[in-house]
Amino acid sequence: MKRSTFTVILLFALFYVSTAQGDFTNGYIIKNDGSLVYGQVKYITKDFTPKECIFRWFDISEVYAFKPGDIEAFGFTYGMRYKTAVMNGSETFIACLTEGAIDLLYDGNKLYLEGLGLDMVLLDNSIGSANAEGEMISFHGYRDLIEKLPDPENKFTPPPDISLNPEKMTEVIASYNRSQGSPAITFAMINSSGVFEEMRNQGAFLNHYGILGGLNASKYPINEIYQRHGYIPEMDFFEFSPVIGLFYNRSLSRKNDRFFFQAEIIAFKTNVYIYDEYYDDYYSLSQTYRIDINMGYTGLKVPLSFKVSFLRGNFKPFLDVGVFGMLNLSTKYTRGIETEDLNHVVRTDSDNSIVLNNRIIGGLAGAGFKIDINPRQSIFLELRGETGSGLYNIEDIAQQTISFNVVAGFDFH
């Protein structure tokens, strides 16, 4: 239990340290005086109303944290833009879908118009009024509001299929801005493309590495042996041991995240106790045998596998298949034998003649899921089954190793 607790604490500690550093990508800030400063902005996955902007000029420069109101806006090259706006009486950053004479803002659920005197007007089906360029207009729903936007030269004709879909509304408001002679700049709704995809195409994010930990359950089936080596009882249970290790993962395609090769090195220590007794009346000896076996080793396992993931997005189930090799270090095996005859005379003996193999090889198959935190970092959970050669260094017997592993990993690059 102490080893398991330590493993979990170590995983969480490394996870915290790695994620606390964050990832930066090319971006910019717009100061309140309108000046634009290029640099690097901490990556945001899908947050439409972030609480702050983390900015630096380059990789090793000082990091600055800007709150809403400290700057007018910030954004990512080829990605999203966030503007300072006043909502419910307080300043906040909110995603801007298009910018011009009038801006279309989006909080992930609702759309708003701001500009031309409009002050964060919610687009919905309610009745309201707003000040547009000094004139009060009353409207019955968002469609009526858009039709009544200031258009002195009647250059804007709203399309018949106006809806509250963010993509379609972006096209409508951008069309209005263009009709009024204003620049119509539109921005992405996600930050998953752009610089990160460009870096993937260059091979920068094809290689990943991280840590993993979990639980190993193993048993070593073997036929009961009477001749030459004496009686060895069947192991009819799984022995559980905590594991910890490192992994290297490489995407096999620049175009998608579906096919991977993964190599791991895993360490664990196991100690097994087996007890059994049997009655033998061979040659009318009528003796009862009691067997105690203690064995153990420190295992260094190297699984090599190919993974295939499914679905798109941040949640990706996967299947994998591969092989593994394991070195067994510091192996030990002791067998205590107690014999009792019909007169209840008990004799004890010990036998250390059997040795354990110093290596095991086999195959593996598993299934699990991966959750992307950002294009660089992810976590995964996997259930894996393994079968391989036997543990005992004995010839001409039927034996094998059967293992199940539950492992969780954190990819920190």
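Our structure is the block above this text.
Conventions used here
- Residues numbered from 1 in each chain as written.
- Predicted model: local features only at pLDDT ≥ 70, side-chain atom pairs only at ≥ 80, totals over all residues.
- Heavy atoms only, no water.
- Helix = DSSP H or I, 4+ residues; strand = E, 2+ residues; numbered from the N terminus.
- Buried < 20%, exposed > 50% of the residue type's maximum accessible area, 1.4 Å probe, protein only.
- Salt bridge = Lys/Arg side-chain N within 4 Å of Asp/Glu carboxyl O.
- Contact = heavy atoms within 4.5 Å.
- Polar contact = N/O pair within 3.5 Å; in protein donor to acceptor, adjacent residues only side chain to side chain.
- Pairing = 2+ DSSP bridges.

**Student:** Help me out: how do you make sense of the environment of lysine 46 in this one?
**Tutor:** Position of lysine 46 relative to the elements: it lies in the loop between strand E2 (36-42) and strand E3 (53-56). A relative accessible area of 54% places lysine 46 in the exposed class. In the structure, lysine 46 is positioned 34 residues away from methionine 80 in sequence and 9.5 Å away in space, judged by C-alpha atoms.

**Student:** Sorry, what's going on with the pattern of salt bridges here?
**Tutor:** When the charged atoms of two side chains with opposite charge come close together, those side chains can pair. Tallying each qualifying case throughout the model produces 18 salt bridges. Across the pair aspartate 372 and lysine 370 runs a salt bridge whose closest N-O atoms are separated by 3.8 Å. Note on lysine 370: relative accessible area 18%, which makes it buried. By sharing partners, the salt bridges in this structure join Glu264, Lys307, Asp320, Glu382 and Arg384 into a single network.

**Student:** Just checking my understanding: could you explain the environment of phenylalanine 48 for this structure?
**Tutor:** As for its position among the elements, phenylalanine 48 is in the loop between E2 and E3. Along the sequence, phenylalanine 48 and methionine 80 sit 32 residues apart, while their C-alpha atoms lie 9.0 Å from each other. Non-local contacts of phenylalanine 48, meaning those with residues more than four positions away in its chain, are made with Met80, Tyr82, Phe93, Ile94, Ala95, Tyr106, Asp107, Gly108 and Met189.

**Student:** How should the side chain of aspartate 372 be read in this particular structure?
**Tutor:** Mapped onto the secondary structure, aspartate 372 falls in strand E20 (residues 359-372). By relative accessible area, which is 14% here, aspartate 372 ends up buried. At 2.3 Å, the side chain of aspartate 372 and the side chain of lysine 316 are in polar contact.

**Student:** Where do I start with the pairing of strand E1 (residues 24-30) in this structure?
**Tutor:** Along any regular strand, the residues point their side chains to alternate faces of the sheet. Here E1 lies mainly inside the structure; 6 of its 7 residues are buried. For E1 and E2, the ladder comprises 7 bridges, and the chain directions are antiparallel. Its bridge partner being in E2, glycine 27 is matched across the sheet by glycine 39. The turn joining E1 and E2, which pair antiparallel and follow one another in sequence, is formed by 5 residues; a positive phi near 90° is taken by glycine 34. Note that E1 and strand E5 (residues 73-76) share 4 bridges and pair antiparallel. The partner of tyrosine 28 across the bridge, within E5, is glycine 75.

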